[in-house]
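Architecture at a glance
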Amino acid sequence: MNPRAVAVRAGVRRGRIEFGQTMTNAGELMGWLWLPVVALVVMYAFGDGSVPGVDFPLGAQAVPGILAMHAVFTGLMGLALALTMDREDGTLLRAKATPNGVFAYVVGKVLGKAAVTTALLVLVLVPAVLVFDGLEPGRVSTWLTLSWVLVLGLLAILPIGTILGALFGNTQSLGFVTLLIMGMVVVSGVFYPITALPGWLQWIGQAFPMYWLGLGLRSALLPDALAAAEIGGSWRHLETVVALGAWAVVGFALAPVVLRRMARRESGSSVAARREQVAQRPS
Amino acid sequence: MKTNDDQREPSVVETRGLRMRYGSTDVLKGVDLTVGPGEVVALLGPNGAGKTTTIEILEGFRKRSAGDVRVLGVDPDDGDEAWRARLGVVLQSWRDHGRWRVRELLSYLSLFYGPYRERVFDPDELIDVVGLTGHRDKRIGTLSGGQRRRLDVAVGLVGRPDLLFLDEPTVGFDPEARREFHELVRRLSGTTILLTTHDLTEAEKLADRIVILVSGRVVADGTAAELAARIAGKAEVRYRLDGEEHVLSVADSTGYVRELFAEHGKAVDDLEVRRPSLEDVYLALVRESEQSELVTA
């Protein structure tokens, strides 16, 4: 078999193994799940108000946005975190010492995180659909839309996670990425319709994939009448495809360049130096 | 791959005038190193001598500043994946894949070598070879230091490499783990190995040939016996003459002592003749080179 095909197969195996490791680790699962769970509990308890202009509870309206935030956190942040951690412990260097190893490593990481993100999304989505009134789990279109939006969303998000993980030298500086995602949450209309924000902030929000992922998920899960609360009074599916697709294209073009640069710099002494830094970190 | 012009068996590793400079510091100042097929060569030197830098250049992980380097006939800077598949790499203190299980990792890594190598180690056989039989389903993060190191060697061997690099393989080992590790390396006879160490005893035990690297230069190269012979002819003669102490290093100690007594008779006191051990040779070489380094600096 040709080496590339073998590497893809190995990558799939890595993805499967690491997916299993995450899903059987209660601590790690809690780490990813607490944020959306807390957000949903808060929206359930205090989301009695109505969406402006539509007779629909704010709490249920926020569910898809929270799911989008959750997907961006687990997908983007999870991948970035995994990449920096794997450089600290030498996993990436091990891949570099193996023929076609870095390629398989990236394939495995991305597939593994895509699977984890999907699974964790389902883990939050199912109870949310049961608890919140007004969502539309009964339509076929709900699940079709959910599927393509999620696939496109992952294609947009995961390369960003890869790039950020490759750019940041250690797990400490990833705090910046958390901040970035928090910023995205604020301007993406996660908890409250984006139309309530000033116009210029709406534009910033629409520049990032979290908004489009949220919009797509709202179009899947909410009654069609809720489109009235969105920009332009529409679910804007075409624009969603274009926006998420553009992020995916740019991400997939840039990620290999950044990853190659990261892999080139990897050596035993750079791993040792990074570990030294970690050891000297005040605890 | 290029063939050698002459018909001698080509070297596995060959460097000529290898230099490495970080900023304004020269770490390697023209290293000439040769490793023949099947040879086990130890790169011995104090910390900071440039051993790891040398090995990282040979592994293709680091670009050199100057000099010619051939590893398995290829310049490591141009080494492709097929070349990489012929190398086994065991670096200092791996901590990767802590959540994976021993067999899981070896079986995963063995996949990659299939397209390149005629024979790849069967993971279970390999686990037995390195003595981890009882630990195949253990999480790697739970292995002891010595077990972890043996796993690292197993990973290095997965593709049945033509050349195995071992960088400081026994740092932090207790004597028992060290002895077991040495036995493991000896069981690999036939494999060409380049190992680095700052432990002379280890070099002596494992290597066919010892290359001593000090401050980025090769100061000695030979078998343990050859290195010892370099100064073994010379012995240290220590004595007191009329109350004054003398220490001399002489080639013919017996003759020297005979003449000493013939000339001074009973005035000679506290005579001591000592042949240097390999360790004395090594320490003397290191001291010498470091001192000349200070003078030129």
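Thresholds, definitions, all that
Residues numbered from 1 in each chain as written. Chains lettered and ligands numbered in written order. Predicted model: local features only at pLDDT ≥ 70, side-chain atom pairs only at ≥ 80, totals over all residues. Heavy atoms only, no water. Axes fitted to C-alpha atoms, helices over the stretch in contact; angles between N-to-C directions. Helix = DSSP H or I, 4+ residues; strand = E, 2+ residues; numbered from the N terminus. Parallel < 35°, antiparallel > 145°, perpendicular 65-115°, else oblique. Left-handed = near helix turned anticlockwise from the far one by under 90°. Contact = heavy atoms within 4.5 Å. Pairing = 2+ DSSP bridges. Phe/Tyr/Trp six-rings, centres within 6.5 Å; stacked < 30°, edge-to-face > 60°. Buried < 20%, exposed > 50% of the residue type's maximum accessible area, 1.4 Å probe, protein only. Lys NZ or Arg CZ within 6 Å of the ring centre and 35° of its normal. Polar contact = N/O pair within 3.5 Å; in protein donor to acceptor, adjacent residues only side chain to side chain. Core = buried A, V, L, I, M, F, W, Y, C linked by side-chain atoms within 4.5 Å. Expected span 1.5 Å × (residues − 1). Arc of directions from axis to C-beta. Domains from an automatic or database assignment. Buried area = accessible area lost by both parts, 1.4 Å probe. Salt bridge = Lys/Arg side-chain N within 4 Å of Asp/Glu carboxyl O. Nonpolar A, V, L, I, M, F, W, Y, C, P; charged D, E, K, R; others polar.

What follows is about the packing of helix 3 (residues 58-89) of chain A against helix 5 (residues 101-131) of chain A. Residues and elements named next belong to chain A. The N-to-C vectors of helix 3 and helix 5 enclose an angle of 150 degrees; their axes lie 9 Å apart at closest approach. In terms of axis orientation, helix 3 runs roughly antiparallel to helix 5. The chirality of how helix 3 crosses helix 5 is right-handed. Counted together, Val63, Leu67, His70, Ala71, Thr74, Gly75, Gly78, Leu79, Ala82, Leu83 and Asp86 of helix 3 and Tyr105, Lys109, Val110, Lys113, Thr117, Leu120, Leu121, Val124, Leu125 and Ala128 of helix 5 form the full contact between these two elements.

Residues and elements named next belong to chain B. On the basis of which strands lie adjacent, the open sheet formed by 3 strands has the order 2-1-4 and antiparallel pairing. Both edges of this open sheet fall to strand 2 (25-35) and strand 4 (66-71), since each of them pairs with a single strand only. When the angles between neighbouring strand axes are averaged without regard to direction, this sheet yields 25 degrees. Its contacts with the sheet place helix 1 (residues 51-58) against strand 1 (13-22), strand 2 and strand 4, and it is angled at close to 120 degrees to strand 1.

Quick look at the packing of aromatic side chains now. The final tally for this structure, using the stated rule, is 7 aromatic pairs over all chains. Seen from their ring centres, A:Phe208 and A:Trp247 are 6.3 Å apart, and the 25 degrees between their planes marks the pair as stacked. On the criterion of sequence distance, the pair formed by A:Phe208 in the loop between helix 8 (199-207) and helix 9 (209-221) and A:Trp247 in helix 10 (residues 237-264) is long-range, its members being 39 residues apart. Summarising the aromatic geometry, the rings of A:Tyr211 and A:Trp212 are spaced 5.0 Å apart at their centres and angled 80 degrees between planes, so their arrangement reads as edge-to-face. Assessed through its relative accessible area of 5%, A:Trp212 is described here as buried. Chaining the aromatic ring pairs together yields one cluster made of B:Trp100, B:Tyr108 and B:Phe112. Over the face of the ring belonging to A:Phe103 we find A:Arg4, whose NZ or CZ atom lies 4.0 Å from the ring centre. Here the basic side chain of B:Arg160 rests over the ring of B:Phe121, its NZ or CZ set 3.9 Å away from the ring centre.

All right, on to unusual backbone geometry then. Its identity as a non-glycine residue notwithstanding, A:Arg236 has a phi of 50 degrees, on the positive side. Topologically, A:Arg236 is positioned in the loop between helix 9 and helix 10. You will see that B:Ser215, though not glycine, has its phi angle at about 45 degrees, which is positive. Among the structural elements, B:Ser215 can be located in the loop between strand 8 (209-214) and strand 9 (217-222).

Another aspect to go through is the sheet that holds strand 7 (residues 192-197) of chain B. All names here are of chain B. The mixed open sheet is built from 6 strands, whose spatial order is 5-6-7-3-8-9. Edge strands, defined here as strands with exactly one partner in the open sheet, are strand 5 (87-90) and strand 9. Neighbouring strand axes in the sheet, compared pairwise and without regard to direction, differ in orientation by 15 degrees on average. Where strand 3 (residues 40-44) lies against strand 8, 4 bridges are found, and the strand directions are parallel. Across the sheet, the residue bridging to Leu43 is Val211, located in strand 8.

This part covers the side chain of B:Lys29. All names here are of chain B. For Lys29, the position within the fold is in strand 2. Residue Lys29 is classed as buried on the basis of its relative accessible area, which comes to 15%. At 3.1 Å, the side chain of Lys29 forms a polar contact with the backbone oxygen of Ser215. Apart from residues lying up to four places away in sequence, Lys29 is in contact with Leu18, Arg19, Ser215, Gly216, Arg217 and Glu293.

This next bit is on the nonpolar core. By size, the foremost hydrophobic cluster in this structure holds 79 residues, and its most contacted members are A:Leu76 and A:Ile181. When contributions to this core are tallied by element, the ones reaching two or more residues are helix 2 (26-46), helix 3, helix 4 (91-96), helix 5, helix 6 (140-167), helix 7 (175-187), helix 9 and helix 10 of chain A. Broken down by element, the residue count for this core peaks at 16 residues, all from helix 3 of chain A. In this view, A:Leu76 contacts A:Ala71, A:Ile157, A:Ile160, A:Gly161, A:Leu164, A:Val177, A:Ile181 and A:Met184; residues no more than four positions away in its chain are not counted. Counting residues in hydrophobic clusters, the runner-up holds 55 residues, among them B:Tyr108, B:Leu151, B:Val153 and B:Leu227.

What follows covers helix 6 (residues 175-187) of chain B. Residues and elements named next belong to chain B. Between the first and last C-alpha of helix 6 there are 18 Å, a value that for 13 residues agrees with the 18 Å anticipated at 1.5 Å per step. The complete set of buried residues in helix 6 reads Ala177, Phe181, His182, Leu184 and Val185. Down the axis of helix 6, the sector holding all buried residues measures 160 degrees, keeping them to one side. Facing away from the buried side of helix 6 by over 90 degrees, the exposed positions are Pro175 and Arg187. Turning to helix 6, the residues buried within the fold contact helix 4 (123-129), helix 5 (145-157), strand 6 (163-167), strand 7 and helix 7 (200-206).

Another aspect to go through is the domain arrangement of chain B. All names here are of chain B. As far as domains go, chain B holds domain 1 (13-228) and domain 2 (233-296). Using only C-alpha atoms to locate each centre, domain 1 and domain 2 end up separated by 39 Å. On the domain 2 side, the residues contacting the 16 residues of domain 1 number 9 residues. Counting each side, the surface lost to burial between domain 1 and domain 2 is near 1100 Å², with a carbon and sulfur contribution of 71%. At the boundary of domain 1 and domain 2, one finds 0 salt bridges. The tally of links from domain 1 across to domain 2 stands at 0 residue pairs in polar contact (both at pLDDT 80 or more). Of all the secondary-structure elements, those providing two or more residues to the side of domain 1 that touches domain 2 are helix 7, strand 8, strand 9 and helix 8 (224-232). A per-class count over the side of domain 1 that touches domain 2 returns 10 nonpolar, 3 polar and 3 charged.

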